[in-house]
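# Summary of structural features
The residues making up each chain are set out below.
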Amino acid sequence: MPGHLRDYFVVLPDSAAGAAVAGRLPVRESTGRSAAQESTGPAAAGGDGLTVLHPSGRPWVVARMAFREVSHLRRGDDALVLIGPDRVPESVLAGLLEGARDRAGLERRLARRPGLHHVIARLSGQTWIRGTASGLRRIYHARHPEAGTIASDRPAVLARLIDAPLDDGALALRMLDFLPHPLSRRVVWRGVHETGAGYGLALPVAAPGTAAVPGPAEDRWWEPPAPELPLAEGARALGEAIAASVHAHVGGRDRISCELSGGLDSTALTFAARATGPRRLSLLTVAARDRYSEDETWARRAVELARQDDHPKQSAQNRHADEPTAAGRSTTADRPADPGRPAGPERDADPDLEHRVIPADDAPYFYADLASCAAELNDEPLPVAPGRARAELLLGRARATGSRYHLTGYGGDELFLGLPHAYQDLFHGNPLTAWNHLGGLRHQLGWPLLPTVKALLNRSSFPRWLAGAVTAEAQPVARTPLLSWGVRQSLRPWFTELANSLILEEFRAAAEHAEPIDPWRGRHVDIDAVRMGARHFQAMEDIGTTIGLPVAAPFYDDRVLEATLAVRLPDRISPWRYKPLLVEAMRGVVPDALLARTTKDHMSSDEHQGLREHGPELAELWTGSRLAERGLVDGRQLLRLAAEPFSPVLVEHSISSTVAGETWLRTAENAWPTTPSRSDRTSPLTRTSEAIL
């Protein structure tokens, strides 16, 4: 059964038709996890999940979670449901719900908490549903022929409920390496729609005296903060946000693990996780095949320094665990008892630190075991699919340590490296500083002077850029300055005329009404990059669900994103300092010797070698290609390229997104079990729904 069926929720209308939909939801495979949830108010819990009810008694929110926690509270006809990594105590839920007169008031209170949860609220009869501003948690909706608007965090569930066909235009788009805003929202099933990150879905109730229910509306709830804070103040805020996010995921858990690549991002999270006081902390490093790689050396250095420090420094969240808190901010003392979270002094003890280095020869090359991609049906084809076997190895080794939760440093590059496009923003307010910084960057990247000046002075609008963001011409050379609204891409030689026409039309149509995420180019690109990374991270989460280990990327917390964007540009990014904001935020938590690293390893050689090692698997993939059957790729050309891994075509054009599209299509066509007969659909949830009609 596809991985997405193991973890999802659905929001239903208050009607008999909505209750009937609840009885047709996909059944989740058991993970062996307790179904206990933090809750107050009418709800029905069964072996297959939890149902939060409308005041009428019909199903409102049906949650079938593998690891995420469902916390809910009802006060009169108003109710609040939070779905995320930690259980939110009743006292905190009450402070959020009872003090909020409207949606804006609720959002102001939620802004004091880590930004990791799906939010589902019922206020004055209207349902409000949203994900996160980072794009890590998303919302989809569709119109059911009988029930009307239904919403979920997984589009495949909605597609099944409305029998939605696949959309070839959206599939063709996913064969590109980068799908910019707003095209990233194009769902691969017709009739299923994604609510934009930073926006929520409002589901109105019928007007008095009528039976007609207005359609759903998307309303903006999030705005990026102004970049006004100096480095020192911004670093303090970022450090607190990282600590709170890590604590929300693993605070009080007895056995956790971290991917310690040796890079700055994973090192920062390792020490932040250590500060939460787990009984056992397992660190995993994958050795590199490249003899010039520095990651393993830095990882071993980090472990050595961590072991020398017998008293891990507490994070900002832990330091104030016993102090009174503002409404909506939970502490360790507020948490309900949990078998995976020891209480009392055990949390403050120095953790048992274990470091496991996975030999390079054990790590699969990219494109290994492509058939294993069938274990999960992601929301869409994701270009990280060719590295699935490598990710599964790492997470499997983490689970073997007895870890109950695994942390990664995903999102760090998008947040803290800073993209060159930001200098467009800086140039408007401080041209001398912008040109000074660009000069350093230009010499590092080899950008010619005149093209750099031309790109800096370019004032083309976002719609105009989007209309020309894809071209049939060869990819720009590496020395092309990147100062526009995004990255220009080339169509692949193996794309068919149909695929090319679909892609170009999608970009043209989107450009007619497109608005940027932010009026400033740099902020638009920064936020879009974070959301793209968060979308891709879903593949890691789903693999963790498959093998039975929750995996998280705390950097995708909304509060971390906001703390980063709030810092002045020349303080946040610099051609002469490596991730200066993160370095200053973690000073005092991570040893200074580790914060001094200024290099980053890359794995491009593993991808190119993977094309050679797994050529036969790729040839098998292209034999009977589903993309070719839909007329989107030239299967014969892909077969030839599988036998020519070092072809100049593959040097110039990445094939990973095409591989991801093919493996995803094969999974999607076998995703659903045979539809059971009506008499076979009876389940604890179904019986609950029928009993309250």
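Our subject in this report is the structure included herewith. (Residues numbered from 1 in each chain as written. Predicted model: local features only at pLDDT ≥ 70, side-chain atom pairs only at ≥ 80, totals over all residues. Heavy atoms only, no water.)

## What about the pattern of salt bridges?
Basically, it comes down to this: Here, a salt bridge means any Lys or Arg side-chain nitrogen found within 4 Å of an Asp or Glu carboxyl oxygen. In DSSP terms, a helix is any run of H or I states spanning at least four residues, a strand is any run of E spanning at least two, and both are numbered starting from the N terminus. Partly exposed residues are those whose accessible area sits between 20% and 50% of the maximum for their type, while under 20% is buried and over 50% is exposed, using a 1.4 Å probe and protein chains only.
As enumerated under the stated definition, the model contains 45 salt bridges in all. Where Arg535 meets Glu194, a salt bridge forms, and the shortest distance between an N and an O atom there is 2.8 Å. Of this pair, Arg535 sits in helix α17 (residues 521–547) while Glu194 sits in strand β12 (residues 192–195), and the two are 341 residues apart along the sequence. Both residues of the pair, Arg535 and Glu194, belong to the buried class. Residue Arg508 is joined to Glu505 by a salt bridge in which the shortest nitrogen-to-oxygen separation is 2.5 Å.

## Regarding the packing of helix α10 (residues 388–400) against α17
Stated precisely, the cut-off is as follows: Axis angles are defined between N-to-C directions and span 0 to 180 degrees, where every axis is a line fitted to C-alpha atoms and, for a helix, only to the segment in contact. When describing relative orientation, an angle under 35 degrees is termed roughly parallel and one over 145 degrees roughly antiparallel, while 65 to 115 degrees is termed roughly perpendicular and anything else oblique. Should the near helix be turned anticlockwise from the far one by less than a right angle, the crossing is termed left-handed; should it be turned clockwise, right-handed. Contacts are assigned to residue pairs with any non-hydrogen atoms lying within 4.5 Å of each other. Residues were grouped as follows: Ala, Val, Leu, Ile, Met, Phe, Trp, Tyr, Cys and Pro as nonpolar; Asp, Glu, Lys and Arg as charged; and all remaining residues, including Gly, as polar.
For the pair α10 and α17, the least separation of the axes is 10 Å and the interaxial angle reads 50 degrees. Compared by their axis directions, α10 and α17 come out oblique. Where α10 crosses over α17, the handedness of that crossing is right-handed. On α17, the residues touching Arg388, Ala391, Glu392, Leu395, Gly396 and Arg399 of α10 are Met540, Ile543, Gly544, Thr546 and Ile547. Here the residues of the contact of α10 with α17 are counted per class, giving 5 nonpolar, 3 polar and 3 charged.

## Some details on the packing of helix α6 (residues 231–250) against helix α18 (residues 558–565)
Taken N-terminus to C-terminus, the directions of α6 and α18 make an angle of 170 degrees; their axes are 8 Å apart at the nearest point. By the criterion of interaxial angle, the relationship of α6 to α18 is roughly antiparallel. Packed against α6, whose contacting residues are Ala237, Leu238, Ala241, Ile242 and Ser245, the element α18 presents Arg559, Val560, Ala563 and Thr564 at the interface. Of the residues contributing to the contact of α6 with α18, the split by class is 6 nonpolar, 2 polar and 1 charged.

## Details of the packing of aromatic side chains
The following threshold applies: Two rings from Phe, Tyr or Trp (for Trp, the six-membered ring) form a pair when their centres are within 6.5 Å of each other. A pair whose planes differ by under 30 degrees is stacked, one over 60 is edge-to-face, and the rest are tilted. Criterion for a charge above a ring: Arg CZ or Lys NZ at most 6 Å from the ring centre, at most 35 degrees from the ring normal.
Under the defined criterion, the tally for this structure stands at 7 aromatic pairs. Between the NZ or CZ atom of Arg289 and the centre of the ring of Tyr365, over which it lies, the distance is 3.8 Å. One Lys or Arg, Arg301, reaches over the ring of Trp298 and ends 4.4 Å from the middle of that ring.

## Thoughts on the pairing of strand β5 (residues 59–64)
For a regular strand, side-chain orientation follows a simple rule: the groups alternate between the two sheet faces. Applicable threshold: Strands are treated as partners if at least two bridges between them are detected by DSSP.
Judged by how many residues are buried, β5 sits mostly within the fold: 6 of 6 residues are covered. Across 4 bridges, the pairing between strand β1 (residues 8–11) and β5 is antiparallel. Pairing of Val10 across the sheet is with Val62, part of β5. Looking at chain direction, strand β4 (residues 49–53) and β5 are connected through 4 bridges and run antiparallel. From the neighbouring strand, Val52 faces β5, where its bridge partner is Val61. With antiparallel pairing between neighbouring strands as the criterion, β4 and β5 make up a hairpin whose turn holds 5 residues, including Gly57 at a positive phi of roughly 100 degrees.

## Thoughts on unusual backbone geometry
Across the junction of His181 and Pro182, the peptide omega takes the value 0 degrees, indicating a cis bond. On the secondary structure map, Pro182 appears in the loop between α5 (168–173) and β12. Unlike most non-glycine residues, Asp163 shows phi in positive territory, near 55 degrees. Among the structural elements, Asp163 can be located in the loop between α4 (155–162) and α5. The exposed category is assigned to Asp163, whose relative accessible area is 69%.

## Things to note about α10
Rules: Here a helix's expected span is defined as the number of its residues, less one, multiplied by 1.5 Å.
Taking 1.5 Å per residue, 13 residues should reach 18 Å; α10 reaches 18 Å between its end C-alpha atoms and fits that length. Considered for burial, the residues of α10 that qualify are Arg388, Ala389, Arg390, Ala391, Leu393, Leu394, Leu395 and Ala398.

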